[in-house]
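Chains, contacts and geometry: an overview
Each chain, letter by letter, is given below.
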Amino acid sequence: MSKLLEIEQFSLHFPGRGALLSDVSLHVDDGEAVALVGESGSGKSLTTRAALGLFPEFSRLSGSVKVRGLDTTSAPAAKLLELRRNHASMIFQDPRAGINPVRTVGDFLTETLVRWRGLSREEAYARAVTQLDQVGLRRTKDLMRQYPHQLSGGMLQRVMIAGALLDSPELLLCDEPTTALDVTTQAGIVELLREQQQARGMGMLFITHDLNLAASLCDRVYVLRKGEVVEHGGAREVFMSPHADYTRQLVGATPRIEIDKVPAAPAADGTVPLLAVKRLCKRYELPSGEELTALNDATFSLAPGGSLGVVGESGSGKSTLARMIVALETADEGELAINGRVRAPRPLRAAERKLLAKDVQIVFQDPYLSLDPRIVVGKAVADVFRLHQGQGRAEAVKSAEKLLERVGIGPERFDSKPRALSGGQRQRVAIAKALAARPKLLVLDEATSALDVSVQAQVLELVEELREQLGLTLLFVTHDLAVVSRLCAELLVLQHGEIVEQGSTAKILSAPANAYTRMLIDSRPRALWEEQLA
Amino acid sequence: MAVTELAAPPARPTPGRKKSPATSLIVLALRKVGTLLITLFFASLVVFFSRFVLPGDPARFLLRGRSPKPEALVEITKQFGLDKPPIEQYLTWVGGILHGDWGRSLTYRQSVSDVLLNRLPVTLELAALAAVFITVLGLAAGILASLNKGGWDRFILITVTAAGAIPPFVAAIALTALFAVQLGWFPSFGSGDEGLGRLWHLTLPALALGLTFIAFMARVTRSSMNEQLTREHVEVATSRGLKRSSVVFRHVLRNALGPILTVSGVLIAGLLVSSAIVEQTFGLTGIGQLLVQSIDRLDFAVVQAIVMIVVTAFVLANTIVDLIQPLIDPRIAAGTESR
Amino acid sequence: MTLTGTIPLLRTRSYGSLLSGTGWFAAVVTLVVVLLSVLAPVLAPYDPDFVDLSSVLGGPSGAHWLGTDALGRDLFSRLMYGGRTSLMGPLIVVAASTVLGMLLGLATGWTDGWMSRILNRIFDLLFAFPALLLSMLAIAIFGKGLMAPILAMTISYVPYVARLTQQLVVAERARPYVQAYRVLGFRTPWVVLGRVMPNLVPTIGAQSTLNFGYVLADLAALSFIGLGIQPPTSDWGAMIEEARGALLGGHVLPGLLPALVVVLIVVSINVIGEELSDRIGGKLS
């Protein structure tokens, strides 16, 4: 039998533009799990889609992409249909975008069975229900009638997997299937994929930006950078002794929990805490009329010069907490004091807001939306200097340029609009804008989670430096325990709006007292070889 | 702070009473119908009290352009109840409408409802025929353009842009000049007899009336489908080995229906309003022409009636569209998506 | 006053390809038509209302470049003067509705107090009256002419602009960059008028450009059915109506020319509007 998937010297480009993929070669054998690792823009999604004969419109191809000997770059439509139906299936990144929102789960699962497997509706229904059971979903008969918006992301991804497995493929292509999900949900999905892959003896090509995840699932790894394979080999070798510079850099930048590197908390000297939160509550009314408790009874404090990591999954209330601290939300109950001044329990007046701005600033997650698209970065930062430091136009521009250089934005960028900057550069500008108000406390709301790992590492390094030089107090909101372990002396774990554990980061990470915290730590992907040791 | 010590509220986001989809649909429907009634009420206020905008003797206003003989003034005062307070006049007017009595026409010297009933069929037939043209031609052009990138798409887009800029009255003149005067294929005037003759007489007017809307429909269909074509769920469907036709019908067109439907609601109003111009041009005796003539002849009771009817039709059409939307997209009923 | 259409043009030029080749052609056509109309008193070879019964329905000639109408009036001059009335109406409507709508939209989009709620209900009510219908009602009350329909159309288009602005503002308000301005302590009026509004102007401008075409067509239609501009004032819609008799007699030009001009200007404006909104829409998202 010919090889399951064999890509040879495959290149793809658009007329008049540089290559998106150049000379990519890789193969996947039967029953083998292979990872394709790369950052955004590396071309990893293009490569996988090529295996199904899904090419972007107007693209030019060369080389070959063979599945069971069928070259998808030249195969006729009928052959491609046959390939998609009987040999290969794909699981996409975002199940919410990938499953038609106006059709039921049952419709999604049965349509291929009815359309071309020739099953009757009853047979198809029975097969689909069995498959849903198999991917670990409960109340499957009810599920069949439900619409995607009624399911959680994790459940939907299981539905997507069920849909892919229904066609009993020999090759399973996974395009970042867990990136849109929480850590604990991700762990379940990875477990399911591994189980099914081994039980069915499928070949699997797993795309991810996360080296840890790749190591936890795959025996072999290809590292892709700007459309070129820069390294491939056994997962362990690539991870432990990378050859290519890029891989080495990637391995170095990949965050991991290192308890011995957790920063120390400032010595307790009995001063007034910079941030003191007592029994804080926030509730929202949902469009359906239900009430959602986003944050319940939160009590903690943060000393000047300290660093606190707030960790939780989506819906844990961590962003609500961050937004309340900077007064973008008003608490329903409880007390919030910054620098000993208790916040009034109402939306702030303009003057109060300006005063608060000198105490606390925030950097948001999305680098593409957190800067005003129309304002050049030099002016954006200068505006803050004029407002807060009372500087004149010329002086403010000078201060802004100095600060921008400090955060790593060169003079050639001062007159650029945000669109001309990369994601990492935009976050640097956002940090500069926040610092221009000279705050004591800097809140980072998932400020690095939208960035590529290598960029994230650089921005984290910048934050670390700034903290030391400026004596900043940090409150870092994130879903990633590893990021916290590097930056924060203290840790606070949130689940469903409730603080389940708080204390010193090193202590919690080495000996978590709470079951949920333990689960968060255990859900982090572990390399296959580590697991075999354990 | 003592309050919170009594009992810790539930930690989980309280799910509360989960409403079943069916109930939320009914609630949604009731709310839409309620909005419809409120809108109609306020619209009737606007229509009725619009004539109070002008200061002066209301009787003389209603008799503009006619000889204000004392008898006539007395008669009009009695007929419209002008000696009563405005609120009472309004209540009488609305009460009459609810009983099918729209008042009396000054020009025709008969009840407005009789005049309207005589003329309504032509307008409805004209609008219906135009609607058929719009649905068939507009949808077809939009789908064709969306599925055939390149030559066809460009050709249709250019045609549609040009056609969309031809106002109904210009289209009416152009079609008359070409098909009626030069070629003599269609009549240029009148509404003809019942049946096929009527259809023959209405073809040119319906085309003139529908032209901009055909273009509009094609444009919306095209862009709505194009938007769906880039969605990931369409790619997923393709990756699962569905045939192109299945993908297009079950996933692209199906999901593109929402905006198309929304536009249809607006189109219905547009058709009724623009029919005034087309009917006037082609000499069709519908309510559109009646509206123009009544404005010309200062027959205000008829104007009020027609405006109210068109507004009602418009609001009703939009409400029906709003009620169909949640059936097309279940997320709307859940309140997570709005259109 | 012409700024509503040209602000996005100027502002976005620095981004490179603002309009395609077709778009620029449309812009040039619009400009030429506008200039000819504005400069009519200087450029027009004849008095547009000068009746010359000796040269009735004459074809194009050296004396009359585009020929004459049924009363022997010079078509070219009438077209130029007709542009003044035909363009002035939509210009007033679009300028007034854009300014008013944008301000109301900013106010109702930013705050959610009772004022906003009442305004929103009023918008909902006005949406129930199509612009052309409200214009006819206004004509029935105030009498024929341009005054009533211009007033009515303005009232009709304000809620459209306001709703668009409102949706944009609500979306913009939730964006991190606006929230960052709040956290930084900038005052709300400065943020709304100085920072948010300029980001919305291109989109609203593109929509208003499209509205211009719709209003022009509707006003011309009213003149055509005899409810708008009254003879002998020249107006493209009215010119088409006056030429109907000649048309049935086989004289095409007097009707064809104004019809062509109307279509040409509406096409051009639509092309510009569509291209602007496509490109700006693509950039914002």
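Structure: above.
Residues numbered from 1 in each chain as written. Chains lettered and ligands numbered in written order. Predicted model: local features only at pLDDT ≥ 70, side-chain atom pairs only at ≥ 80, totals over all residues. Heavy atoms only, no water.

Attention now moves to unusual backbone geometry. Most peptide bonds adopt trans geometry, and most residues besides glycine take a negative phi value. Its identity is not glycine, yet Lys226(A) carries a phi of approximately 45°, on the positive side. In this structure Lys226(A) comes out as exposed when scored by relative accessible area, which is 59%. (Buried < 20%, exposed > 50% of the residue type's maximum accessible area, 1.4 Å probe, protein only.)

Right, let's get into the interface of chain A and chain C. Each partner contributes to the interface: chain A provides 28 residues, whereas chain C provides 20 residues. Overall, the association of chain A and chain C removes approximately 2,100 Å² of surface from exposure, summing both partners, and the carbon and sulfur fraction of that is 58%. Considering only the side of chain A, the residues that lose the most area to chain C are Leu369(A), Asp372(A) and Arg374(A), jointly responsible for 26% of the buried surface there. Joining chain A to chain C, the criterion identifies one salt bridge. Ionic pairing is found between Arg195(C) and Asp383(A), a salt bridge with its closest N-O pair at 2.7 Å. For the interface between chain A and chain C, the tally reads nine residue pairs in polar contact (both at pLDDT 80 or more). Breaking the side of chain A that touches chain C down by element, the ones donating at least two residues are α13 (350-357), β16 (360-363), α14 (377-388) and α16 (423-435) of chain A. Per-element tally for the side of chain A that touches chain C: the top contributor is α14(A), with five residues. When grouped by side-chain class, the residues that make up the side of chain A that touches chain C number 15 nonpolar, three polar and ten charged. (Contact = heavy atoms within 4.5 Å. Buried area = accessible area lost by both parts, 1.4 Å probe. Salt bridge = Lys/Arg side-chain N within 4 Å of Asp/Glu carboxyl O. Polar contact = N/O pair within 3.5 Å; in protein donor to acceptor, adjacent residues only side chain to side chain. Helix = DSSP H or I, 4+ residues; strand = E, 2+ residues; numbered from the N terminus. Nonpolar A, V, L, I, M, F, W, Y, C, P; charged D, E, K, R; others polar.)

Further remarks concern the pattern of salt bridges. Applying the stated criterion across every chain yields a total of 42 salt bridges over all chains. For Lys318(A), the salt bridge goes to Glu446(A), with nearest N and O atoms at 3.6 Å. Placement of the pair is Lys318(A) in helix α12 (residues 318-325) and Glu446(A) in the loop between β17 (441-445) and α17 (453-470), with a sequence separation of 128 residues. You'll find Lys318(A) and Glu446(A) in the same group, each marked buried. Of the charged contacts, one joins Arg219(B) and Glu274(C) as a salt bridge, the two residues approaching to 3.3 Å between their closest N and O atoms. Here Arg219(B), found in helix α9 (residues 196-229), pairs with Glu274(C), found in helix α12 (residues 253-284), and the two come from separate chains. Bridged by salt links that share partners, the residues Arg103(A), Asp107(A), Glu111(A), Arg240(B) and Arg250(B) form one connected network.

With that settled, consider the state of the cysteines. Residues and elements named next belong to chain A. For the structure on display, the rule yields zero disulfides over all chains. Cys174 takes part in no disulfide bond, and the closest cysteine sulfur to it belongs to Cys218, at a distance of 8.4 Å. Exposure remark for Cys174: the relative accessible area of 0% places this residue in the buried category. (Disulfide = S-S within 2.5 Å.)

Interpretation in functional terms is not warranted from these geometric data alone.
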